[in-house]
Every structure is written in structure tokens, then in C-alpha cells.
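Here is what each chain is made of, one letter per residue.
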Amino acid sequence: MNDDIEDMGPVDYLVVEFPGNRLTGEAFPLLIDLVDKGLVRILDLRFVQKDADGTVTALEIEGLDQDDADSVSLSVFDGVTSDLLGQDDLDEAGHALQPGNAAAILVYENRWAAPFARALRRAGAQMVASGRIPVQAILASLDAEEAGEGA
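Criteria and cut-off values
- Residues numbered from 1 in each chain as written.
- Predicted model: local features only at pLDDT ≥ 70, side-chain atom pairs only at ≥ 80, totals over all residues.
- Heavy atoms only, no water.
- Helix = DSSP H or I, 4+ residues; strand = E, 2+ residues; numbered from the N terminus.
- Pairing = 2+ DSSP bridges.
- Axes fitted to C-alpha atoms, helices over the stretch in contact; angles between N-to-C directions.
- Contact = heavy atoms within 4.5 Å.
- Patch = residues over 30% accessible without salt bridge, like charges linked within 9 Å, V, L, I, M, F, W, Y side chains within 5 Å.
- Areas by Shrake-Rupley, 256 points an atom, 1.4 Å probe, with all protein chains shown as cover.
- Salt bridge = Lys/Arg side-chain N within 4 Å of Asp/Glu carboxyl O.
- Buried < 20%, exposed > 50% of the residue type's maximum accessible area, 1.4 Å probe, protein only.
- Core = buried A, V, L, I, M, F, W, Y, C linked by side-chain atoms within 4.5 Å.
- Polar contact = N/O pair within 3.5 Å; in protein donor to acceptor, adjacent residues only side chain to side chain.

1. Digging into the overall build of the protein chain
Right, on to step 1. Helix and strand content of the protein chain: 4 helices and 4 strands.
Right, on to step 2. In the protein chain, the order of α-helices and β-strands from amino to carboxyl end is β-α-β-β-α-β-α-α.

2. Focus on the sheet that holds strand 3 (residues 56-59)
Right, on to step 1. Ordered in space as 1-4-2-3, the 4 strands form an open sheet in which the pairing is antiparallel. The strands lining the two open edges of the sheet, one partner per strand, are strand 1 (11-18) and strand 3. With strand direction ignored, the average angle separating the axes of adjacent strands in the sheet is 25°.
Right, on to step 2. Strands in contact with helix 1 (residues 28-36) are strand 2 (40-50) and strand 4 (102-110); relative to strand 2, the strand with the most contacts, it is inclined by about 155°.

3. What about a nonpolar patch on the surface?
Right, on to step 1. Together, I133, V135, I138, L139 and L142 make up a nonpolar patch on the protein surface, roughly 480 Å² of accessible area in all.
Right, on to step 2. By secondary structure assignment, the location of L139 is in helix 4 (residues 135-150).
Right, on to step 3. On the basis of relative accessibility, which here comes to 46%, the residue L139 falls in the partly exposed class.

4. As for the side chain of E109
Right, on to step 1. Checked against the element boundaries, E109 lands in strand 4.
Right, on to step 2. Every residue in contact with E109, bar those within four places of it in the chain, is listed here: D7, M8, G9, P10, V11, L39, V40, R41, L43 and A114.

5. Things to note about the nonpolar core
Right, on to step 1. Membership of the largest hydrophobic core comes to 14 residues, with the highest contact counts inside it found for L31, I42, L45, F47, F77, A104 and L106.
Right, on to step 2. By residue number, the principal contributor to this core is strand 2, which donates 4 residues.
Right, on to step 3. Apart from the residues lying within four places of it in its own chain, the contact partners of A104 are L14, V15, V16, F18, L45, R46 and F47.
Right, on to step 4. In this structure, L43, V48, L90 and V107 belong to the second largest nonpolar core, which totals 11 residues.

6. Regarding the pairing of strand 4
Within a regular strand, side chains alternate between the sheet's two faces.
Right, on to step 1. Counted residue by residue, strand 4 has 9 buried out of 9 residues, so it is predominantly covered.
Right, on to step 2. Burial of strand 4 is two-sided: the residues A102, A104, L106, Y108 and N110 facing one way and the residues A103, I105, V107 and E109 facing the other way are all buried.
Right, on to step 3. Bridge analysis of strand 1 against strand 4 gives 8 bridges, and the strand direction is antiparallel. Residue Y13 lies in a different strand from strand 4, and its bridge partner there is V107.
Right, on to step 4. Direction of pairing for strand 2 relative to strand 4: antiparallel, over a ladder of 9 bridges. Along strand 4, the bridge assignment pairs I42 with Y108.

7. A closer look at the environment of D53
Right, on to step 1. Residue position: D53 is located in the loop between strand 2 and strand 3.
Right, on to step 2. For the pair D53 and G100, spaced 47 residues apart in the sequence, the C-alpha separation amounts to 8.7 Å.
Right, on to step 3. Polar contacts involving the side chain of D53 include one to the side chain of T55, which spans 2.8 Å.

8. Some thoughts on the side chain of N110
Right, on to step 1. Assignment of secondary structure puts N110 in strand 4.
Right, on to step 2. Judged by relative accessible area, N110 falls into the buried class, the value being 8%.
Right, on to step 3. Non-local contacts of N110, meaning those with residues more than four positions away in its chain, are made with G9, P10, V11, D12 and L39.

See below:
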């Protein structure tokens with residue numbers, strides 16, 4: 001992370017659960033495309049699994065099984081770390097999993113928003129709240145609205 005912190009865009013994280021430890025790799029080419037287009041910068045990408053007994057284990061990329069032989073090799077992500085994620089973070093992500101499942105933990109910079117964020121910081125503004133609205137909540141709201149119009 002040699003970029004000046006003042007030049008960075010907002011940083012987000014995702015924890016994506018893979019039922020049955022099944023990594024198809026289907027989404028990884030899309031993630032690479034986002035990086036190649038300069039829209040995001042991956043700061044950390046780590047994997048964990050939760051055993052049937054509840055034990056959470058960090059996984060190394062080279063040890064991951066992929067179901068789809070045609071998918072991008074995960075080795076392209078090997079060594080992608082800024083050490084932002086510590087063992088406590090991995091444990092916390094793992095505890096959110098169902099036993100027998102794995103997860104990818106992705107920390108990324110929204111590079112597309114960096115110029116906007118820089119301008120706000122120069123103006124003395126600061127982020128005081130942030131959040132994400134789950135797609136399911138939006139769909140439920142739209143369905144409820146649509147059902148109300150038909151009544």
C-alpha cells in the first residue's frame with residue numbers, strides 16, 4: 001500500500017460464503033476485470049473454512065479445490081495481501097459461516113470513487129456513516145410496492 005492514504009478511494013470488505021466448500025471460480029474473472037479496468041484495487045483476499053465441529057481454519061490459495069476446470073486459476077491472487085486482515089478478522093468471518101462451508105474475505109479499494117473522495121477530503125469533509133442495502137431488501141420493497149399498486 002504505497003499510495004498515499006489521502007489519494008485512496010473508500011475501502012470496503014465482503015465475506016462470501018461457499019456452501020460445501022465449493023469454489024467454482026466463476027466470479028474470479030469478473031473480479032480480475034474490475035481490477036484491470038482500474039475500478040477496484042484488491043488490498044486483501046483470504047479464505048477460511050469452518051469444519052463440522054465449528055473450528056475455523058485459514059486456507060492457503062494453492063490448497064483450494066476448484067470445481068470448474070475452466071475457471072481462472074486462483075493462483076493469480078496468491079500473495080494479494082496488505083496485512084489489513086488479522087487472525088481475529090478471519091475468526092470473526094469464519095464464525096459467520098455455517099459448518100462445512102468456506103468463505104472468501106475480500107478487502108478492496110473503490111478506485112472509481114477516489115477522485116470524489118479526494119475532493120471531499122480537500123473540502124474538509126469526512127465520512128460519518130456508511131452502509132449497504134442488501135439486494136434482497138430492495139427486491140422485497142419493490143415487490144411490496146408493486147403489490148400495493150395492484151390492490
